[in-house]
Amino acid sequence: MSQGVGAVKYIVAVASGKGGVGKSTVSANLAVAAAQLGYQVGLLDADIYGPSQARLLGIADGVMPDVIEEKFFIPIEAHGVSAMSMAFLTREKTPMVWRGPMASGALQQMIESTRWGELDVLFVDMPPGTGDIQLTLSQRTRLAGAVVVTTPQDIALIDARRAIEMFQKVSVPIVGMVQNMAIHTCSNCGHEDPVFGSDGGQTLANEYEAPILANIPLSRVIRETSDAGAPISAVDKDGSVAAAYREAAAAVMATLSGSEAPRAPTISMTE
Ligand code: ADP
């Protein structure tokens, strides 16, 4: 069996310029949604400064990946996803202090020494920001594309733009954007409030000709399910948020395999 990413078809970075916009939550749900669609899915938590996938996927603190042949980690299965995180190798309370080159090296090692096996897609929950670590990871990993997560807020959009430009610099195609925390629906009166603004993601999408893959609402249930280690895509399969994530995951896979979602028929000209 192949170790490392040798048998992984597509590696997709999930990135945000800014921290706290929901990148890890989106990564977990995209991965779970892709698994629900029948794909073999891996998730690498590369957010070394705040690894949160163990918690998001409900993997208890202290659960360690098995090691085989004394050198390869076996990813931990959760909600149909094969997950690996630096956090599995430490305790939740242990702070991780990394300097640039050390962090890039450790990440690279974690990718290569994990027995991912045959995957259709490996999502990489990137560290937030666009510094050396992100750039090195983007250059050294054979990324098929990147999904950029942003809120519609100006300050997040400025950073999302930086992330997009970084990927473009290293020729990684932008698969699309997920606009998170877009609308809040009041649980008392049903009033819809665009807490972080409304058009930001669309403006960015137009500017870079990349689609918005999903608009995810700001919702208490998303926060609660994330905290409880049961992503909303897994616990509320029939809900609208899960449906939005499945649609986004399907669009990502379609773009990667080059078979875009159905379009208007092309007109062929004959003489
Ligand atoms: P990042 O990876 O960008 O730092 P996280 O995914 O860790 O962000 O999310 C930050 C916080 O926001 C978490 O507490 C998470 O549960 C919450 N959160 C993320 N997306 C949503 C959402 N759509 N609605 C409500 N809370 C959310």
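Preceding this section is the structure that the text describes.
Cut-offs used in this document
- Residues numbered from 1 in each chain as written.
- Predicted model: local features only at pLDDT ≥ 70, side-chain atom pairs only at ≥ 80, totals over all residues.
- Heavy atoms only, no water.
- Helix = DSSP H or I, 4+ residues; strand = E, 2+ residues; numbered from the N terminus.
- Rg over C-alpha atoms; globule rule 2.2 N^0.38 Å.
- Buried < 20%, exposed > 50% of the residue type's maximum accessible area, 1.4 Å probe, protein only.
- Axes fitted to C-alpha atoms, helices over the stretch in contact; angles between N-to-C directions.
- Parallel < 35°, antiparallel > 145°, perpendicular 65-115°, else oblique.
- Contact = heavy atoms within 4.5 Å.
- Nonpolar A, V, L, I, M, F, W, Y, C, P; charged D, E, K, R; others polar.
- Near = heavy atom within 4 Å.
- Polar contact = N/O pair within 3.5 Å; in protein donor to acceptor, adjacent residues only side chain to side chain.
- Areas by Shrake-Rupley, 256 points an atom, 1.4 Å probe, with all protein chains shown as cover.
- Expected span 1.5 Å × (residues − 1).
- Left-handed = near helix turned anticlockwise from the far one by under 90°.
- Pairing = 2+ DSSP bridges.
- Salt bridge = Lys/Arg side-chain N within 4 Å of Asp/Glu carboxyl O.

Trainee: Would you mind going over the overall build of the chain in detail, with residue names and values included?
Mentor: Along the chain, the regular secondary structure elements total nine helices and eleven strands. Relative to its length of 271 residues, the chain is compact, with a C-alpha radius of gyration of 18 Å against a globular reference of 18 Å. If you line up the chain on its principal axes, its C-alpha atoms span 60 × 60 × 35 Å. Relative to its full complement of 271 residues, the chain shows a buried share of 51%.

Trainee: Describe the packing of helix α1 (residues 23-36) against helix α9 (residues 240-256), with residues and values.
Mentor: The interhelical angle for the contact between α1 and α9, taken along N-to-C directions, is 75°, at an axis separation of 8 Å. If you check the angle between α1 and α9, you find them roughly perpendicular. Listed contacts from α9 to T25, V26, N29, L30, A33, A34 and Q36 of α1 are Y245, R246, A248 and A249. Tallied by class, residues from the contact of α1 with α9 come to seven nonpolar, three polar and one charged.

Trainee: Requested: an account of the side chain of S233, with residues and values cited.
Mentor: Note that S233 resides in helix α8 (residues 232-235). Sequence-distant contacts of S233, that is, excluding residues within four places in its chain, are made with N29, V32, Q36, A242 and Y245.

Trainee: Describe the site of the ligand, listing the residues and the values that go with them.
Mentor: Residues in close proximity to the ligand total 15 residues, the closest being G20, K23, S24, T25 and P217. Within the backbone of V21, one N or O atom sits 3.1 Å away from an oxygen atom of the ligand. Within the side chain of N180, one N or O atom sits 2.9 Å away from a nitrogen atom of the ligand. Here the ligand, which alone exposes 560 Å², has 80% of that area covered by the protein. Considering only residue class, the shell around the ligand consists of six nonpolar, seven polar and two charged.

Trainee: I'd like a rundown of α9, residues and numbers included.
Mentor: Its 17 residues place the ends of α9 24 Å apart at the C-alpha level, agreeing with the 24 Å of an ideal helix rising 1.5 Å per residue. If you check which residues of α9 are buried, you get V241, A242, A244, Y245, A248, A249, V252, M253, A254 and L256. Looking at the residues trailing α9, positive phi occurs at G258, about 80°.

Trainee: Report on the side chain of Q179, specifying residues and quantitative values.
Mentor: Looking at where Q179 falls in the secondary structure, it is placed in strand β9 (residues 174-185). Those residues in contact with Q179 that sit more than four places away from it in its chain are T150, P152, S198, G200, G201, Q202, I212, A214, N215 and I216.

Trainee: Explain the packing of helix α5 (residues 154-169) against helix α6 (residues 200-208) to me, using residue names and the numbers behind them.
Mentor: Each pair of packed helices gets described by two things: the angle between the helix axes and the distance between those axes. α6 packs onto α5 with a crossing angle of 25° between their chain directions and a minimal axis gap of 11 Å. Between α5 and α6, the angle falls in the class roughly parallel. In the packing of α5 onto α6, the handedness of the crossing is right-handed. In contact with L157, A160, R161, I164, E165 and Q168 of α5, α6 contributes G200, G201, L204, E207 and Y208. By residue class, the composition of the contact of α5 with α6 is five nonpolar, three polar and three charged.

Trainee: Give a detailed account of the pairing of strand β7 (residues 119-125), specifying residues and quantitative values.
Mentor: Burial analysis of β7 places seven of its seven residues in the buried class, the great majority of the element. Bridge count between strand β1 (residues 8-15) and β7: six bridges; the pairing is parallel. Directly across from A13, in β7, lies its bridge partner V124.

Trainee: Provide a residue-level description of the pattern of salt bridges, including the pertinent values.
Mentor: Using the criterion set out here, one finds eight salt bridges in the structure. Between D120 and K9 there is a salt bridge; the shortest N-O distance is 3.3 Å. Separated by 111 residues along the polypeptide, D120 in strand β7 and K9 in strand β1 bring together distant segments of the chain. Residue classification places D120 among the buried residues on the basis of a relative accessible area of 16%. When the shortest N-O distance is used, the salt bridge between R220 and E224 registers 3.7 Å. Here the residue R220 and the residue E224 both occupy positions in helix α7 (residues 220-227), the gap between them amounting to four residues, near one helical turn. The class of E224 is partly exposed, set by a relative accessible area of 36%.

The analysis is restricted to geometry; functional conclusions fall outside its scope.
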